[in-house]
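If you want the building blocks of each chain, they are given just below.
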Amino acid sequence: MIPGLGLWRAGHKVLGGVIIGTLVALAAGLGIFAMINRTALTAAAIDPNLWYGVAAALLVAALGWVVVITTTHLALRPRPASAVQRIVGGALVGLLSFAVAAPLAFSANVAYTSASFLSTTFESGSDDTKVNGADPWNGADRWNVLLLGGDSGTKRASSLGARTDTIIVASVDIKTGATTLFTLPRNATKMPFPPDSPLHKYYPNGFTDPSNVANAEYFLNAMYRNVPAHVPNDILGKTKDFGAKAMMVSVGYALGLEIDHYAFVNMDGFKDFMNAIGGITVNVNYRVPIGGRNASGSNPEQAPSDYIEIGPNKHLTGGYALWYARGRYHLDDYSRMERQRCVINAVIKQADPATILANYQAVAESGKKTIKTNIPRELLPAILDVALLAKNAKLRSLVLSPDNGFVFGRPDWVKVRSQVQKSLRETTSSNTETPSASPDPSTSASPSGSASPSASPSKKPKSEDLEDACAYHPKDGTKK
């Protein structure tokens, strides 16, 4: 089990000493490097070529270790050896060879999966984005990323293309991880473009149909598909995904935020990701439909096949988690938007590093099929640091809905920008204030918001604490 020790015992001290010394030097060198230069280690870990090399090296190591075991047995085997000794010795060699080769082969497969995931999902310097190693955030205080959830797979007609029915901006404080989620309705109209953007020339009054504000081909969720179909795709410069880049420009201007990156999640692969991380635990405050073909619920023949029933701390995996995030039959878009932010909150809080590592291959494989993004690989170590901070921070959210004075046909973007800034201040304040009393143990232990009925504050702020918003406060009936 210690390569080279048997050869040393057999008298081949030089060869045995070289093998043992090499292994000790490699282990000690990696350990010291990891302790004194973690940044360089994480930076190296995002290089696909390194992981391809690691995969090859592990396979070579497995083969070499098997050779060492075999030659050690031959060098130490009694002479002459009886038939029983030969059989037992051969069986022991086979058992030891499998014991050392199987973990190395598995690790090589993990390394290959890592390389494939990094090279497929993330590009080096995508969108001409150059990451400064000394200051990856280029002096910025916040990281704003546009999260798009789209149906572009088996359940949508190809003529419709990808429709981004989920549009969320996550604004993250880089120093604290405090995050505010801004959710825009998919049917938002008159999405503006900044006056200095080339897209303003094509849509001077925003992305809208002047003759019919209710034209669904000009809703926000149609922008991803329809703007690239009518506008030259090179007017925003080199870009990986013109539809996503156009939405970054418009959504950022509408909210008064500079959007840095986007991530497009294909909802058809969402359930694979949910299974990969072991599912999520959420509070279900009203019956959520599984399936159903029209949101209004007016046609009983198109009714859902089942429901996710009301209850606290419901653990959902795969398709159940997907329908919790997207179920809309007999409900409205705003209730779905509210559930989606609870899904994000649950993933951030519950997908701990140990779970991710234990299911790493499944996570990486689902990511390759599910995620498109322009986040450059070089930024991943910095994002990891911020993500770990976000797990311990309070998240808040603002949903652009009638409750906040948002009218889809007559959006007041000046008012929205003011609400956004107030929400950011509320998130900062909630993460810096000192609580006046210890939290109730019965609520702090709940996985995604309190499992106890929550009380409404006397004065409603612009944004909501996600722990409160996703708490257990069951409602009568199926409609929220």
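The coordinates are above.
Residues numbered from 1 in each chain as written. Predicted model: local features only at pLDDT ≥ 70, side-chain atom pairs only at ≥ 80, totals over all residues. Heavy atoms only, no water.

A.B. asks: If you had to explain the nonpolar core to someone new, which residues and values would you point to?
C.D. replies: Ranked by size, the top nonpolar core spans 47 residues in total, and within it Trp137, Trp143, Ile280 and Tyr324 carry the most contacts. The greatest single-element share of this core, amounting to five residues, is contributed by helix 10 (residues 318-326). Once you skip the residues sitting within four places of it in the chain, tryptophan 143 turns out to touch Trp137, Ala170, Ser171, Val172, Ile174, Asp260, His261, Ile375, Leu379 and Ile383. Counting 38 residues, the second-largest nonpolar core is a separate cluster that includes Leu199, Phe207, Tyr224 and Ile259. (Core = buried A, V, L, I, M, F, W, Y, C linked by side-chain atoms within 4.5 Å. Buried < 20%, exposed > 50% of the residue type's maximum accessible area, 1.4 Å probe, protein only. Helix = DSSP H or I, 4+ residues; strand = E, 2+ residues; numbered from the N terminus. Contact = heavy atoms within 4.5 Å.)

A.B. asks: Tell me about helix 13 (residues 360-370), and please be specific about residues and values.
C.D. replies: Within helix 13, the full set of buried residues consists of Val363, Ala364, Ser366, Gly367 and Thr370. Summarising the axial view, the buried residues of helix 13 lie within an arc of 165°, below the 170-degree limit, and thus occupy one face. Looking at the buried positions of helix 13, the neighbouring elements they touch are helix 5 (83-121), strand 4 (261-266), helix 9 (270-276), helix 12 (353-358) and strand 9 (371-373). (Arc of directions from axis to C-beta.)

A.B. asks: Summarise the pairing of strand 10 (residues 396-399); cite the residues concerned and give the values.
C.D. replies: The side chains of a regular strand alternate, first on one face of the sheet and then on the other. Side chains of strand 10 alternate between two faces, with Arg396 and Leu398 and Ser397 and Val399 buried alike. Alignment of strand 3 (residues 179-184) against strand 10, held across four bridges, turns out to be parallel. Bridging from a neighbouring strand, leucine 181 pairs with serine 397 of strand 10. Here strand 10 pairs with strand 11 (residues 464-465) via two bridges, running antiparallel. Bridge pairing links arginine 396 to aspartate 465 in strand 11. (Pairing = 2+ DSSP bridges.)

A.B. asks: Hey, could you go over the packing of aromatic side chains for me, with residue numbers and the actual values?
C.D. replies: For any pair of aromatic rings, the description rests on two quantities: the centre-to-centre distance and the angle between the ring planes. Following the criterion strictly, the structure yields nine aromatic pairs and no others. Ring geometry for phenylalanine 219 against phenylalanine 408: centres 5.9 Å apart, planes inclined by 90°, an arrangement best described as edge-to-face. Residue phenylalanine 219 is found in the loop between helix 6 (198-202) and helix 7 (223-230), and its partner phenylalanine 408 is found in the loop between strand 10 and helix 15 (413-430); the two are separated by 189 residues along the sequence. Exposure remark for phenylalanine 219: the relative accessible area of 14% places this residue in the buried category. Here arginine 417 stacks its cationic end above the ring of tyrosine 253, 4.6 Å away from the centre of that ring. (Phe/Tyr/Trp six-rings, centres within 6.5 Å; stacked < 30°, edge-to-face > 60°. Lys NZ or Arg CZ within 6 Å of the ring centre and 35° of its normal.)

A.B. asks: Before we move on, could you go through the packing of helix 7 against helix 8 (residues 242-255) and cite the residues and values that matter?
C.D. replies: Where helix 7 contacts helix 8, the axes come no closer than 8 Å and their chain directions differ by 105°. If you check the angle between helix 7 and helix 8, you find them roughly perpendicular. On the side of helix 7, the interface is formed by Met223, Tyr224, Val227 and Pro228, while helix 8 contributes Phe242, Gly243, Ala244, Ala246, Met247 and Ser250. Across the contact of helix 7 with helix 8, the residue classes break down as eight nonpolar, two polar and no charged. (Axes fitted to C-alpha atoms, helices over the stretch in contact; angles between N-to-C directions. Parallel < 35°, antiparallel > 145°, perpendicular 65-115°, else oblique. Nonpolar A, V, L, I, M, F, W, Y, C, P; charged D, E, K, R; others polar.)

A.B. asks: Just give me the short version of unusual backbone geometry, but keep the residues and values in it.
C.D. replies: Along the chain, arginine 79 connects to proline 80 via a cis peptide bond; the corresponding omega equals -5°. Looking at where proline 80 falls in the secondary structure, it is placed in the loop between helix 4 (48-76) and helix 5. In this model, lysine 190 sits at a positive phi of 55°, which is unusual for a non-glycine residue. As for its position among the elements, lysine 190 is in the loop between strand 3 and helix 6. Not every positive phi belongs to a glycine, and asparagine 313 is a case in point at roughly 50°. Checked against the element boundaries, asparagine 313 lands in strand 8 (residues 311-316). Residue class for asparagine 313 comes out partly exposed when judged on its relative accessible area of 35%.

A.B. asks: Go over the pattern of salt bridges, please, and point to the residues and values.
C.D. replies: As enumerated under the stated definition, the model contains 11 salt bridges in all. The salt bridge partner of glutamate 217 is arginine 225, with a shortest N-O separation of 3.9 Å. Residue glutamate 217 is classed as partly exposed on the basis of its relative accessible area of 31%. Its relative accessible area of 32% is what places arginine 225 among the partly exposed residues. Several salt bridges share partner residues, and in doing so they unite Asp165, Arg186, Arg328, Asp333 and Arg336 into one network. (Salt bridge = Lys/Arg side-chain N within 4 Å of Asp/Glu carboxyl O.)

A.B. asks: Please give an account of the environment of threonine 42 that cites residues and values.
C.D. replies: Note that threonine 42 resides in helix 3 (residues 38-44). Taking the C-alpha atoms as reference points, threonine 42 and glutamate 378, separated by 336 residues in sequence, lie 9.8 Å from one another.

A.B. asks: Now, about the environment of leucine 257: what can you tell me, with residues and values included?
C.D. replies: Along the chain, the position of leucine 257 falls in the loop between helix 8 and strand 4. The class for leucine 257 is buried, based on a relative accessible area of 10%. As for leucine 257 and valine 420, which are separated by 163 residues in sequence, their C-alpha atoms are 8.7 Å apart. Beyond its immediate chain neighbours, meaning those up to four positions away, leucine 257 contacts Asn144, Val169, Phe182, Gly252, Val420, Gln421 and Leu424.

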